[in-house]
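Fold and contact review
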Amino acid sequence: MTTTEMMTLKTEPFVLNFGPVHPSTHGVYRMRATLDGEVILDIEPVVGYLHRGIEKLAEERTYSGFIPLTDRLDYISPMSNNLGYCLAVEKLAEIKVPERAEYLRVIMAELQRLANHCIAVGSFLNDTGAYYTPFMYAFREREKIIDLFDMVCGQRLTYNYMRIGGVGQDIPDEFLPALKKLVEQMPRWVDEYDLLLMQNEILLARTKGVGVLPRETAINCGISGPVARGSGVNWDLRKADPYSVYDRFEFDIPQGETGDCYDRYRVRIEEMRQSLRIIKQAMNDIPAGPVRADVPHLIRPPKGEAYAHLEAPKGELGYYLVSDNSIAPYRCHIRPTSLINLTALREMVKGWKVADLIAIFGSIDITMGEVDR
Amino acid sequence: MTVALSGKDIASQLEEKFPDSIEETSRDCLVVKSDSLLAVAGYLKDTESLAFDYLNYITAVDYYSYFEVVYQLTSLKHNHSVIIKSRCYGRENPAVPSVIGLWQSADFQEREIYDLMGIKFEGHPNLKRLFLWEGFQGHPLRKDYL
Amino acid sequence: MEVSSDREYIYTSSELDQQEGQLIEEVKAGARESIPDPDAWLDEEVKRSIMLSSVDAVLNWARRSSLWTAICFPACCAFEFIAAEGPRFDMSRFGMEILRASPRQADLMITAGTLTWKMAPVVRRIYNQMPEPKWVIAMGACAISGGIFRSSYNVVPGYNKIIPVDVYVPGCPPRPEALIYGVQMLQKKIAKERPIPDLPQILQRGKKE
């Protein structure tokens, strides 16, 4: 065949299944991608392989008994899930949380953000091809944070630490010195990681300009969190709608300009630095006092409904609770950050190749526990 | 601080433009009739002073005699938010117009409500089950399931 | 997503969904009873003090010291498994650092997460694709009995309704140390196996037929 004949080769699109069991789909996520050769024409996400019916189970459990189930939603950052639920119940029942508990909540939430971004950045780099090395580096740092959580509540993954009206138990004496040590060592590690990767040619070639999400699309699709901030949306719930005691701390909100994968990666690295800043300030100002308000175990909030949201590491996580004055919620709806962030995936991948699909998908950072609930 | 607008503020603006579209107003939310939902939502999105460009969430609650679909809208520019509700009376074939044309984030959330509650969204291009498989009998989140 | 229907084997997405739904209903209908432990007979054999030959011992040692895991990570326990693979609780000292993407190259499946009815046919397919000899470790409370989600409408009460399980590791999630203990129990179980069949018996059987 001559060259001109080859250029006008007739092709047909075909459907490729990125099955639920795949090394880089961050859990059981399935996509049916329509491809023309290597170029992606369209994708159709299929979710529900981890749908455990948590919203229905909420109607069977008591208000306090539901907190362990919220741990299993976004299982990489359980402290934020617990905190969101407790904020919703406290809004519904109008409970005031003591000061020490508020500071402890902020410290735990920011430590959780650090741990989450370790995994997010590590697995994103895993997807772009740095096979497991940065992932294991990130895990090494995450283990230090998990040791702190282990010291406080005895668990490594599903903490069940926040309670309605405060936190579960007070921190032991060795916690604050250990936290101080971590906060001194961690910035150096973040800088080292950044330096290794920031100017790396392969990373820049694979992520700069790839998977651009324009600002207007991000707002229309309801995207939140580092994905939205990477596209230039200046919206962080810790500044726009402060909850707990976040209005007492000074920190910046990092933003990207173009909305490509590289910007999202940089936003996460910067957020890690800002989290360390918040923890330093909270650590110095923490007051003494009780860690839990006087709330009955079988709480019966008055009839009504409430929605409370917080800036979880992945975006806006919210709980909508309806109560009918009994010991179990009438309806509990969880605003799924990751499911809504997936809405933009289709727009972002059209026209790119299969390898870019994996990189773009990794940069959104989803957890199937939250998508499927 | 995001100001949660009360239903009464917006109700007066809406009554002029769309008479007979509001069912009830309260301090927290605004209940709109389902056939004028699209018009009201479009007005809330496009008016400069309101500019609700961000849909926080859509959810549905099963109160035995009716289903209630709840929307929360936020304006990133003015930093205020509002809660809109729409009711479907009766348990057979509840249906509500789809807002996917206005806010793309309604895509998966409306499919989820159809899957778990059985409420149809008219105008949704791809309304099929999201979490459960094709052939699953019933809608689990309804109060009369199991 | 519509593709032109020139060829018979290109399906529309709704047909694919319907096929999947039928498969799930079939699996759900057939999964009422738990599948018993496949190697339960091993303990009785050992009581009758069967002697393992040296070839058996060598083969068992080779198999248990290089278990390659197939990737099947639905939920939260996956992160404890990855932490066990990580630099702190190093699993590669047991020969298990490889995580094979393709089940055809794996011999151990660590089921780390809740199993739902929608995922059940997929897990069964992955299990069937693994070549013999293969073992399964059920990790976590959800894998043993459905765990905290047992009363849900979409959760299978335990992996042993779908595939046979060798070792159960409780915990929610089990600590990496507990998982390593579970792996060591599996290694002890593999050490008792008889990979080489009894040659004189087979020859006898051949003569009779």
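Residues numbered from 1 in each chain as written. Chains lettered and ligands numbered in written order. Predicted model: local features only at pLDDT ≥ 70, side-chain atom pairs only at ≥ 80, totals over all residues. Heavy atoms only, no water.

1. Side note on the interface of chain B and chain A
Selection rule: For this analysis, residues touch if any pair of their heavy atoms sits within 4.5 Å. Take the accessible area each of two parts loses on contact, using a 1.4 Å probe, and add the two losses: that sum is the buried area. Every case where a carboxyl oxygen of Asp or Glu lies within 4 Å of a side-chain nitrogen of Lys or Arg is listed as a salt bridge. Definition of a polar contact: a pair of N or O atoms within 3.5 Å, with one able to donate and the other able to accept a hydrogen when the atoms are protein atoms, and with sequence-neighbouring residues admitted only if both atoms are side-chain atoms. Numbering of helices and strands starts at the N terminus; helices are DSSP runs of H or I of at least 4 residues and strands are runs of E of at least 2. We call Asp, Glu, Lys and Arg charged. Ala, Val, Leu, Ile, Met, Phe, Trp, Tyr, Cys and Pro are nonpolar, and the rest, Gly among them, are polar.
Listed as interface residues are 40 residues of chain B and, on the opposing side, 36 residues of chain A. Contact between chain B and chain A buries roughly 3300 Å² in total, counting both sides, with carbon and sulfur atoms accounting for 55%. Of all residues in chain B, the largest losses of buried area upon contact with chain A belong to Tyr54(B), Phe108(B) and Phe131(B), amounting jointly to 20% of the total for that side. The interface formed by chain B and chain A includes 4 salt bridges. With its nearest N and O atoms 3.3 Å apart, the salt bridge here joins Glu59(A) to Lys143(B). Counting across the chain B and chain A interface gives 20 residue pairs in polar contact (both at pLDDT 80 or more). Going through the elements one at a time, strand S4 (54-63), strand S5 (66-75) and helix H3 (106-117) of chain B are the ones with two or more residues in the side of chain B that touches chain A. Top element by residues in the side of chain B that touches chain A is S4(B). It accounts for 10 residues. A class-by-class count of the residues in the side of chain B that touches chain A yields 22 nonpolar, 9 polar and 9 charged.

2. A few points about the interface of chain A and chain C
On the side of chain C, 43 residues touch chain A, which itself brings 44 residues to the contact. Between chain A and chain C, roughly 3800 Å² of surface is buried when both sides are summed, and carbon and sulfur atoms account for 63% of that area. Of all residues in chain A, the largest losses of buried area upon contact with chain C belong to Tyr49(A), Arg52(A) and Arg156(A), amounting jointly to 16% of the total for that side. Inspection of the region where chain A meets chain C yields 6 salt bridges.

3. Structural notes on unusual backbone geometry
The omega torsion of the bond from Glu132(C) to Pro133(C) falls at -10°, within 30 degrees of zero and hence cis. Along the chain, Pro133(C) turns up in the loop between helix H5 (120-129) and strand S4 (135-139). Along the chain, Cys172(C) connects to Pro173(C) via a cis peptide bond; the corresponding omega equals -5°. Topologically, Pro173(C) is positioned in the loop between strand S5 (167-169) and helix H7 (176-191). One non-glycine residue, Asn160(A), lies in the positive phi region at around 55°. Residue placement: Asn160(A) occurs in the loop between helix H6 (133-153) and strand S4 (162-163). Positive phi is not limited to glycine here, since Asp365(A) has a value of about 60°. Here Asp365(A) is to be found in the loop between helix H15 (354-364) and helix H16 (368-372).

4. Quick word on the sheet that holds strand S3 (residues 39-46) of chain A
All names here are of chain A. Which entries qualify depends on this criterion: For two strands to be treated as a pair, DSSP must find at least two bridges joining them. Axis geometry follows a simple rule: fit a line to the C-alpha atoms, using only the stretch in contact for helices, then measure angles between N-to-C directions, giving values from 0 to 180 degrees.
Across the sheet, which stays open at both edges, the 3 strands sit in the order S1-S2-S3 with antiparallel pairing between neighbours. Two strands close off the open sheet at either side, each with one partner strand: strand S1 (14-18) and S3. Within this sheet the neighbouring strands show an average axis-to-axis angle of 25°, counted without direction. Both S1 and strand S2 (residues 30-36) contribute to a ladder of 5 bridges, which runs antiparallel. Of the residues in S2, the one forming a bridge with Val15 is Thr34. Strands in contact with H15 are S1, S2 and S3; relative to S1, the strand with the most contacts, it is inclined by about 40°.

5. Comments concerning the sheet that holds strand S1 (residues 69-70) of chain C
Residue and element names in this part refer to chain C. Taken in spatial order, the 5 strands of this open sheet run S2-S1-S3-S4-S5, and their pairing is parallel. Across the chains shown, the open sheet's two edge strands, defined by having one partner strand only, are strand S2 (99-100) and S5. Summarising the sheet, S1 and S2 pair through 2 bridges and their orientation is parallel. Residue pairing across strands places Ala70 opposite Arg100, the latter belonging to S2.

6. Some details on helix H2 (residues 37-46) of chain B
Filter applied, for reference: Working definition: with a 1.4 Å probe on protein chains only, accessible area under 20% of the residue-type maximum means buried, over 50% means exposed, and in between means partly exposed.
For H2(B), the complete set of buried residues consists of Leu37(B), Val40(B), Ala41(B), Gly42(B), Tyr43(B) and Leu44(B). On its buried face, H2(B) is in contact with helix H1 (7-17), strand S3 (29-32), S5, strand S6 (80-89) and strand S7 (95-97) of chain B.

7. Describing empty space enclosed by the protein
The test is simple: Points on a 1 Å grid over protein atoms alone make up a cavity when a 1.4 Å probe fits among them but cannot get out, and a pocket when they form an open set with protein on both sides within 12 Å along at least five of seven lines; lining residues each have an atom within 4 Å of a point. Grid points are joined across faces, edges and corners, and a volume is the space filled by probe spheres set on the points.
If you walk through the whole model with that rule in mind, you get 7 cavities of 30 Å³ or more. Size it by volume and the largest cavity reaches roughly 120 Å³. Looking at the largest cavity, it is lined by 15 residues, and the ones nearest its centre are Val46(A), Arg129(B), Leu130(B), Asp17(C) and Lys118(C). Counting residues per element, the ones that place at least two in the lining of the largest cavity are S3 of chain A together with helix H1 (13-30) of chain C. The leading source of residues in the lining of the largest cavity is S3(A), at 3 residues.

8. As for the nonpolar core
Definition in use: We define a nonpolar core as any set of buried Ala, Val, Leu, Ile, Met, Phe, Trp, Tyr and Cys residues linked to one another through side-chain atoms lying within 4.5 Å.
By size, the foremost hydrophobic cluster in this structure holds 204 residues, and its most contacted members are Leu111(A), Tyr161(A), Leu345(A), Tyr71(B) and Ile119(B). By residue number, the principal contributor to this core is helix H5 (residues 99-128) of chain A, which donates 14 residues. The residues contacting Leu111(A), other than those within four sequence positions of it, are Ile145(A), Leu148(A), Phe149(A), Phe175(A), Leu179(A), Leu182(A) and Ile279(A). Counting residues in each nonpolar core, the second largest holds 25 residues, with Phe89(C), Ala112(C), Val167(C) and Leu186(C) among its members.

9. So, the side chain of Lys85(B)
In this structure, Lys85(B) sits in strand S6. Within the structure, the side chain of Lys85(B) is placed 3.4 Å from the side chain of Glu68(B), a separation counted as a polar contact. Filtering out sequence-adjacent residues up to four positions away, Lys85(B) remains in contact with Glu305(A), Tyr320(A), Cys29(B), Leu30(B), Val31(B), Val32(B), Glu68(B), Val69(B) and Val70(B).

No statement about biological role is implied by the geometric values presented.
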